[in-house]
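Inside the fold
One-letter residues, chain by chain:
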Amino acid sequence: MRTLNTVLALLLMVARPTISINTEQEIQEIQVEHEEIKYSRKMGKGSGKKSDIEFLKADIKSLSDDFELFSGSVRIDEDGGDLIINYQLEEGPKQCKDCKIGIFDGKKCNKLKEYRPFYNPDKTENPWKASRGAKYLSNNRRNSAAFVEVYNGRKLSDHVCKTVALFGSLKKDGDDAHKRSNAIGCGVLVPKGEDEDYC
């Protein structure tokens with residue numbers, strides 16, 4: 001009986017290190033895997049591969065006391081160098097045909113007046129003017145749903161984390177209507193599947 005107990009004890013002593021080594025290795029593998037996931041997430045935020053961007057989008061929120069309920073969304077695709085800007089807006093100016101839409105070089109709507117229009121001056125003049133086609137139309141219910149094409153000399157991926165702003169009518173609201181400080185709505189452009197925290 002004593003011999004049997006000794007044999008069992010020896011077997012356990014031999015077996016334990018093997019189990020311990022395997023378990024440690026598995027734990028190390030899990031830890032490495034976990035660190036890789038954390039690293040991947042850290043690198044991924046705000047720094048995804050630009051070539052993978054399918055389209056950009058922005059949720060539009062009101063900046064104006066006159067249009068407190070103004071809201072909607074903007075989606076931007078690229079086609080042959082042109083930006084295809086689809087917009088869907090509610091509670092904006094009524095029957096507007098010269099309301100401006102523009103993209104600005106910054107990522108905070110509350111700092112919009114500090115930002116310059118976003119375009120490449122080596123390839124084009126400032127395209128973010130209603131007179132050059134950068135405008136949205138609205139109906140008599142104050143709603144808008146259409147698209148506009150704009151060329152600003154920049155790739156789609158360059159517009160990540162830029163602000164898109166909407167303005168009222170020059171004809172109805174006067175010459176200052178299209179100044180940055182008078183924007184009635186604004187949003188931040190992010191890739192598909194992301195929100196403003198991405199920026």
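First, a word on what this report is: a plain description of the structure on this page. (Residues numbered from 1 in each chain as written. Predicted model: local features only at pLDDT ≥ 70, side-chain atom pairs only at ≥ 80, totals over all residues. Heavy atoms only, no water.)

**Side note on the pattern of salt bridges**
Summed over the entire model, instances satisfying the criterion amount to four salt bridges. Its salt-bridge partner being Arg75, residue Asp77 comes within 2.8 Å of it at the nearest N-O pair. On the accessibility criterion, Asp77 (18% relative accessible area) is buried. Accessibility expressed as a relative area gives 34% for Arg75, which makes it partly exposed. (Salt bridge = Lys/Arg side-chain N within 4 Å of Asp/Glu carboxyl O. Buried < 20%, exposed > 50% of the residue type's maximum accessible area, 1.4 Å probe, protein only.)

**Overview of the pairing of strand 7 (residues 163-169)**
Looking along a regular strand, one sees the side chains alternate between the two faces of the sheet. The buried count for strand 7 comes to seven of seven residues, which makes it a mostly enclosed element. In the sheet, strand 4 (residues 99-104) pairs with strand 7 via five bridges, with the strands oriented antiparallel. If you follow Gly102 over to strand 7, its bridge partner there is Ala165. Both strand 7 and strand 8 (residues 185-188) contribute to a ladder of four bridges, which runs antiparallel. Each residue of the ladder has a partner; that of Val164, found in strand 8, is Gly187. (Helix = DSSP H or I, 4+ residues; strand = E, 2+ residues; numbered from the N terminus. Pairing = 2+ DSSP bridges.)

**Section: a negative patch on the surface**
On the surface, a cluster of negative charge is made up of Asp59, Glu194, Asp195, Glu196 and Asp197. Mapped onto the secondary structure, Asp197 falls in the segment after strand 9 (190-191). (Patch = residues over 30% accessible without salt bridge, like charges linked within 9 Å, V, L, I, M, F, W, Y side chains within 5 Å. Areas by Shrake-Rupley, 256 points an atom, 1.4 Å probe, with all protein chains shown as cover. Lys, Arg positive; Asp, Glu negative; His and termini not counted. Charge placed at Lys NZ, Arg CZ, Asp CG, Glu CD.)

**Here's the deal with the environment of Pro117**
With respect to the helices and strands, Pro117 occurs in the loop between strand 4 and strand 5 (135-136). For Pro117, a relative accessible area of 26% translates into the label partly exposed. A sequence separation of 11 residues divides Pro117 from Gly106, and the C-alpha atoms of the two residues are 9.3 Å apart.

**Description of the packing of aromatic side chains**
Enumeration over the complete set of coordinates arrives at two aromatic pairs. Between Tyr87 and Tyr136, the aromatic rings sit 6.0 Å apart at their centres with planes inclined by 70°, giving edge-to-face as the arrangement. In this pair, Tyr87 sits in strand 3 (residues 82-90) while Tyr136 sits in strand 5, placing the two residues 49 residues apart along the sequence. Each member of the pair, Tyr87 as well as Tyr136, carries the same accessibility label: buried. When the ring centre of Phe55 is taken as origin, the NZ or CZ atom of Arg75, which lies over that ring, is 3.7 Å away. (Phe/Tyr/Trp six-rings, centres within 6.5 Å; stacked < 30°, edge-to-face > 60°. Lys NZ or Arg CZ within 6 Å of the ring centre and 35° of its normal.)

**Description of a positive patch on the surface**
Residues Lys94, Lys97, Lys135, Arg142, Lys171 and Lys172 make up a contiguous surface patch of positive charge. Following the sequence through the fold, Lys135 ends up in strand 5.

So, to be careful, I would describe these as geometric facts and stop short of saying anything about function.
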